[in-house]
Amino acid sequence: MELIVQGIIKAFQLIISFDPEVLGITWLSLKISGTATFISLFIGISLGTAVALTNFYGKRLVISLINTGMGLPPVVVGLFVTIMIWRNGPLGFLEILYTPYAMIIAQAIIATPIVMGISLAAIQNLSPNLRLQILSLGASRLQMVWVLIKEARLPLLAAVMAGFGGVISEVGASIMVGGNIKGYSRVLTTATVMETGKGNFDIAIALSIILLLLAFLVNLILTQIQQRQHPR
Amino acid sequence: MKMFRSSKVIITLLTVALLFAFGTANVFAGKAVPKQKNIILATTTSTQDTGLLDVLIPIFEKQTGYFVKTIAVGSGQAMAMGQKGEADVLLVHSPEAEKKFVADSFGVNRQLVMHNDFVIVGPAADPAKIKGIKNAAESFKKIAAAEALFLSRGDNSGTHSQEKKLWKTSGINPEGQKWYQQTGLGMGQTLNVAAEKKGYTLADRGTYLAMKKNLNLNILVEGDAALLNIYHVMEVNIAKWPKVNAAGAKAFADFMVASKTQSIIKTFGVDKYGSALFFPDAGKKVEDLGK
């Protein structure tokens, strides 16, 4: 109990004093996970919507695969990405192992199936009559898709938040492809693991609290957008 | 349609913000920027957990303009990385494995950097009664006889290799015994587990001292020559892996044995822990250590 109190005090101290290293780590976490979520948002919502709206042979199988992808173990993604991008791997010429870019890629791979799966369900949940109604009003296919996405705003934003939550909190892939390099690829989660390993529990708890605060702030903003009432 | 336009504005703003964030993600000012700027240093957890590299690396980077990517894993994994050409220079402490590494031509220019020693730590109650025993292998025998809980790194690290050597000397095979538990974790975390479970473990003095205030473990056995913990720096052989940054590796190795660096190593930790965590040895012979 005392340890947790120490951790809270430490978190307070670190935030109030604008400790540069902690600020840097926090900003980097936000940048990397934010970028990855952004990428997954585009790919996930568009592909999820596409699968939801088209009928093709093997659709159920594809949906099962996407749903399985939602539970893809981050550490497995990290391992595969590492093998792909290390020096002597097929993508070694890119030289992005142990860089924040590799972390963004790995996190995007983790988040995309999550966003895709939930978007898929969200769009499928819309009444098929709605689609016909919009088209009958003279909308083009693109306009119809855009209106459907806006109609499903609630669950789609939930999908984005789920994707963000998945990657801001993940550590296995980030350590493997990022290398936890001080001032360069060290983020809140990887720093927490390292400080725990060193026995600096107060710092580890402080970093955890800061991570939770960060996640809360981002989700606060996203929830505002999600729950916003349209003037009717 | 008004909705559509404002969404476009939001998307544009977000994209601009992202590009800005992306652009500032990797601003790196080096002095005289060398051609191949990145060096991948594969090292053990003890050099990172004690904070030694946090002191040395910035000095090296400022001096040379290289960017060092320190990947702290166990000595075993570090050498595996070297074998696959995924690291440029190694700073490890697993002498037998290192010698094989060099013999197999994966590493070149193996140089002695520093040493400290291992200590056998355990609970104050000391159920196996090993406190003060001079011979490390003897104390291992007593731990086995008492079936006292022993935590092993179990990860092919330098510490793990030293521990296995001691078991071999003692003639005991602890594998599969109930009191012998392998964590697979780094030194700091293994010490935490040992402290929590009130068990014995083998630790390097540096990491133990750095973590002492949070643990409830005492040093029970120390000083045996078999407990010497010796660090070497090795450059990965460019002949085997052409993509290796050989110039950078050499620069780092030279830095580690340079007299100025060695002085820093000599005083590292004194103000914080009361005694130095590492003893600089560049240029000495291994046989002369600890004498």
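### Here's the deal with the overall build of chain B
Part 1 of the argument: For chain B, the count of helices and strands is twelve helices and ten strands.
Part 2 of the argument: Once local pairs closer than 6 in sequence are excluded, the contacts in chain B between residues at least 24 apart make up 76%.

### Things to note about the overall build of chain A
Part 1 of the argument: For chain A, the count of helices and strands is eleven helices and zero strands.
Part 2 of the argument: Written out in order from the N terminus, the α and β elements of chain A read α-α-α-α-α-α-α-α-α-α-α.
Part 3 of the argument: Its C-alpha atoms give chain A principal-axis dimensions of about 65 × 50 × 25 Å.
Part 4 of the argument: Per-residue burial over chain A gives 42% buried out of 232 residues.

### Points about the nonpolar core
Part 1 of the argument: Counting residues in hydrophobic clusters, the biggest one holds 136 residues, and the most contacted among them are A:Ala102, A:Ala106, B:Val89, B:Leu90 and B:Phe252.
Part 2 of the argument: No other element matches the 17 residues that helix α5 (residues 100-124) of chain A contributes to this core.
Part 3 of the argument: Here this core spans two domains, since at least three of its residues come from each of domain 1 (38-115 + 230-288) and domain 2 (117-227) of chain B.
Part 4 of the argument: When residues no more than four places from it in sequence are discounted, the contact partners of B:Leu90 are B:Ala42, B:Thr43, B:Ala78, B:Met79, B:Gly82, B:Gly107, B:Val233, B:Met234 and B:Val236.

### Let's talk about the pairing of strand β7 (residues 200-204) of chain B
Residues and elements named next belong to chain B.
Part 1 of the argument: Most of β7 sits inside the fold, with five of its five residues counted as buried.
Part 2 of the argument: The two faces of β7 match: Tyr200, Leu202 and Asp204 on one face and Thr201 and Ala203 on the other face are all buried.
Part 3 of the argument: Here strand β4 (residues 107-123) runs beside β7; their pairing, made up of four bridges, is antiparallel. Bridge pairing links Val119 to Ala203 in β7.

### A few points about the interface of chain B and chain A
Part 1 of the argument: Counting residues at the interface gives 19 residues for chain B and 15 residues for chain A.
Part 2 of the argument: Breaking the side of chain B that touches chain A down by element, the ones donating at least two residues are α1 (2-24), β2 (67-72) and α8 (187-197) of chain B.
Part 3 of the argument: Here the residues of the side of chain B that touches chain A sort into six nonpolar, seven polar and six charged.

### Description of the pairing of β2(B)
Residues and elements named next belong to chain B.
Part 1 of the argument: Counting buried positions along β2 yields five of six residues, so the element is predominantly enclosed.
Part 2 of the argument: In terms of strand pairing, strand β1 (residues 38-43) meets β2 through six bridges, oriented parallel. From the neighbouring strand, Ile39 faces β2, where its bridge partner is Val68.

### Remarks on the domain arrangement of chain B
Residues and elements named next belong to chain B.
Part 1 of the argument: According to the domain assignment, chain B contains domain 1 (38-115 + 230-288) and domain 2 (117-227).
Part 2 of the argument: Contacts between domain 1 and domain 2 engage 17 residues on the former and 13 residues on the latter.
Part 3 of the argument: Of all the secondary-structure elements, those providing two or more residues to the side of domain 1 that touches domain 2 are α2 (45-49), α4 (75-83) and α5 (95-103).
Part 4 of the argument: No other element matches the three residues that α2 contributes to the side of domain 1 that touches domain 2.

### Focus on the packing of helix α2 (residues 20-53) of chain A against α5(A)
All names here are of chain A.
Part 1 of the argument: At a minimum axis separation of 6 Å, α2 and α5 run at an interaxial angle of 35°. Crossing handedness for the pair α2 and α5: right-handed.
Part 2 of the argument: Of the residues contributing to the contact of α2 with α5, the split by class is 20 nonpolar, eleven polar and no charged.

### Side note on the environment of B:Ile40
Part 1 of the argument: Along the chain, B:Ile40 falls in strand β1.
Part 2 of the argument: Residues B:Ile40 and B:Ala249, spaced 209 residues apart in sequence, show a C-alpha to C-alpha distance of 8.3 Å.
Part 3 of the argument: For B:Ile40, the residues in contact, after removing those within four places along its chain, are A:Tyr98, B:Lys69, B:Ile71, B:Glu86, B:Ala87 and B:Asp88.

### Thoughts on the packing of α5(A) against helix α8 (residues 153-168) of chain A
In helix packing, the relevant descriptors are the interaxial angle and the interaxial distance, both defined with respect to the helix axes.
All names here are of chain A.
Part 1 of the argument: Where α5 contacts α8, the axes come no closer than 8 Å and their chain directions differ by 160°. Compared by their axis directions, α5 and α8 come out roughly antiparallel. Handedness of the α5/α8 crossing: right-handed. On the side of α5, the interface is formed by Gln107, Ile110, Ala111, Ile114, Val115, Ile118, Ser119 and Ala122, while α8 contributes Pro155, Leu156, Ala158, Ala159, Val160, Ala162, Gly163, Gly166 and Val167.

### Describing helix α1 (residues 2-16) of chain A
Part 1 of the argument: In a regular helix each residue adds 1.5 Å, so 15 residues correspond to 21 Å; α1(A) covers 21 Å between its end C-alpha atoms and thus fits that length.
Part 2 of the argument: Two residues or fewer past α1(A), A:Phe18 is found with a positive phi of approximately 50°.

Here is what the cut-offs are and how they apply
- Residues numbered from 1 in each chain as written.
- Chains lettered and ligands numbered in written order.
- Predicted model: local features only at pLDDT ≥ 70, side-chain atom pairs only at ≥ 80, totals over all residues.
- Helix = DSSP H or I, 4+ residues; strand = E, 2+ residues; numbered from the N terminus.
- Contact = placed C-beta atoms within 7 Å.
- Buried ≥ 20, exposed ≤ 12 C-beta atoms within 10 Å, placed from the backbone.
- Core = buried A, V, L, I, M, F, W, Y, C linked by C-beta atoms within 7 Å.
- Domains from an automatic or database assignment.
- Pairing = 2+ DSSP bridges.
- Nonpolar A, V, L, I, M, F, W, Y, C, P; charged D, E, K, R; others polar.
- Axes fitted to C-alpha atoms, helices over the stretch in contact; angles between N-to-C directions.
- Left-handed = near helix turned anticlockwise from the far one by under 90°.
- Parallel < 35°, antiparallel > 145°, perpendicular 65-115°, else oblique.
- Expected span 1.5 Å × (residues − 1).

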